[in-house]
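The residues making up each chain are set out below.
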Amino acid sequence: MSAEATVVEKELKVEKKPAEAFLSKRRKNIVTDPLSDDNPITIQVLGICSALAVTVKLEPTLVMSIAVVFVIVFANLIISLMRNLIPGRIRIIVQLAVVATLVTLVSEFLKAYSYDMYKVLGAYVGLIITNCIVMGRLEAFAMANKPYDSILDGLGSGFGYAWIILTVAFFRELLGSGSIFDFKIFEAIGWTTFPTNGLMVDSIGAFVVLGILIWIQRSKSGYVEH
Amino acid sequence: MEVFNIALRGIFIDNMIFAYYLGMCSFLAVSKKVETAFGLGLAVVFVLTLTVPVNWLLQEYVLKEGALTWIDGSFESIDLTFLQFIMFIAVIASMVQLVEMIIEKLSPALYGSLGIFLPLIAVNCAILGSSLFMVQKDYNIIEATSYGFGSGFGFFLAIIALAAIRERLKYSKVPPGLKGLGITMLITGLMGLAFKAFIGIAL
């Protein structure tokens, strides 16, 4: 009984505080931090697998980004709503079940409306389940925060992930295939002999482009790993 | 021979890290020391060799279209493939839990050295990835087991090689922004280039 009473008291105390602004400074930071200073890929080293695998061309990368943003936001929301109901010991399985359900939705949606894209992305849609960013945000943020903040956090991390993989894809498609969104940019400006680089289409190009991107991003934000 | 070739292909040509970029998170995060990399690598080999055949059975006898006919002929039109992700991940999570308990019971020393890495394996993309690729490749159960072992061993080799390089790297002067992840990505790229040498080999 006493434990229950303290919980009720706590809830009352929270209610007495003046409501936080819809987009207060703290909440803005939740969204903007993952974009540069706390980027999931370049700083936290999460979600690298899909960052490399789907970035050969811009179009699948864009679809992948949208899928990941969708999954992170809704997984964060659902887990945040259930955070007080989930027993600590089986939380990983509960989180995986929620994420797997959302990913199944995305996968079935793609299969129905854009079968070509589904073929291109293949197993990598399923691998959003084990994308460390999703699990990391659930574990680190949604389990301890309110639903609205969790949605913002999901948006921030999702977009932080999206702009990095889109940048990688931009350079890989430009240098590897000489095109942007399948538009042959070099042919359009009359440079038909542009030498496309096979390494950029390959995994090696992905590693190198991302490595250099990380270098630039970290030099700018002044983050040094020890 | 075919079985042996599938394992070899998984280790060198279709290497999980260098060809499919799977399991990168733990590959990058746990490769600072050879000793820990060895532990994680072993655990991955172990879990992959077990989960791929289990998921194969699941796919063959529960999920595939018409797979449920062994219960009753009228189930022929049932296609449960859309449950694939959730079933596979459940199998992986519970297998990891099971393996953890077995190792703890049988060999506390090994358990101590693997310790924190075991639960982490449940969210290693390489594990789920191999199961999904196994479905695409249409293997039988022995081939699937061999594929699971092969891709696990490929991951094991890659992570140990990277850890050994990174241990040496501690004594070199790396530009501050490139330290850690940046230089590791570039090195992985170079290692990938070396692994490309295997691609011409037809098995």
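All values derive from a computational prediction rather than experimental measurement. For every chain, the first residue of its written sequence is number 1, and the numbers climb from 1 along that sequence. Written order decides the labels, with chains lettered from A and ligands numbered from 1. Whole-chain, interface and lining totals are the exception, using all residues; otherwise, since this is a predicted model, local features are given only for residues with pLDDT of at least 70 and side-chain atom pairs are given and counted only at 80 or more. Values shown for side chains rest on all heavy atoms present in the structure; no hydrogens or waters enter the calculation.

Q: An account of helix 12 (residues 203–221) of chain A is requested, with residue identities and associated values reported.
A: Secondary structure elements follow DSSP: runs of H or I of four or more residues count as helices, runs of E of two or more count as strands, with numbering from the N terminus. Between the first and last residue of a helix there are one fewer steps than residues, each counted as 1.5 Å, and that sum is the expected span. Taking 1.5 Å of rise per residue, the 19 residues of helix 12 of chain A would be expected to cover 27 Å, and the 27 Å separating its terminal C-alpha atoms lies within 8% of that figure. Exposed residues in this analysis have more than 50% of their type's maximum accessible area, buried residues have under 20%, and partly exposed residues fall in between, with area computed by a 1.4 Å probe over protein chains only. Buried within helix 12 of chain A we find Ser203, Ile204, Gly205, Ala206, Phe207, Val209, Leu210, Gly211, Leu213, Ile214, Gln217 and Arg218 of chain A. Here a residue-residue contact requires only that any non-hydrogen atoms of the pair lie within 4.5 Å. Residues of helix 12 of chain A that are buried make contact with helix 3 (48–53), helix 9 (147–177) and helix 11 (198–201) of chain A together with helix 2 (24–29) and helix 9 (181–195) of chain B. After helix 12 of chain A finishes, the residue glycine 222 of chain A shows a positive phi value of roughly 75 degrees.

Q: Account for the layout of surface pockets, with residues named and values stated.
A: Of the volumes computed, that of the largest pocket is approximately 930 Å³. As for the largest pocket, its lining consists of 29 residues, and the residues nearest its centre are Ile92 and Met135 of chain A together with Pro119, Leu120 and Val123 of chain B. Counting residues per element, the ones that place at least two in the lining of the largest pocket are helix 5 (91–113) and helix 8 (132–142) of chain A together with helix 2, helix 4 (84–106) and helix 6 (117–121) of chain B. What the second largest pocket holds in volume is close to 440 Å³. Lining the second largest pocket we find 18 residues, and of these Lys111, Tyr118 and Gly122 of chain A together with Gln84 and Gln136 of chain B sit closest to its centre. Contributing elements (two or more residues each) for the lining of the second largest pocket: helix 5, helix 6 (115–121) and helix 7 (123–126) of chain A together with helix 4 and helix 7 (125–137) of chain B. The element that contributes the greatest number of residues to the lining of the second largest pocket is helix 5 of chain A, accounting for 4 residues. In the lining of the second largest pocket, the residues fall into 8 nonpolar, 7 polar and 3 charged. Of the grid points, spaced at 1 Å and generated over the protein atoms alone, those admitting a 1.4 Å probe that cannot get out make up cavities, while open sets with protein on both sides within 12 Å along at least five of seven lines make up pockets; any residue with an atom within 4 Å of a point is treated as lining. Grid points are joined across faces, edges and corners, and a volume is the space filled by probe spheres set on the points. The nonpolar class holds Ala, Val, Leu, Ile, Met, Phe, Trp, Tyr, Cys and Pro. Asp, Glu, Lys and Arg form the charged class, and all remaining residues, Gly among them, are polar.

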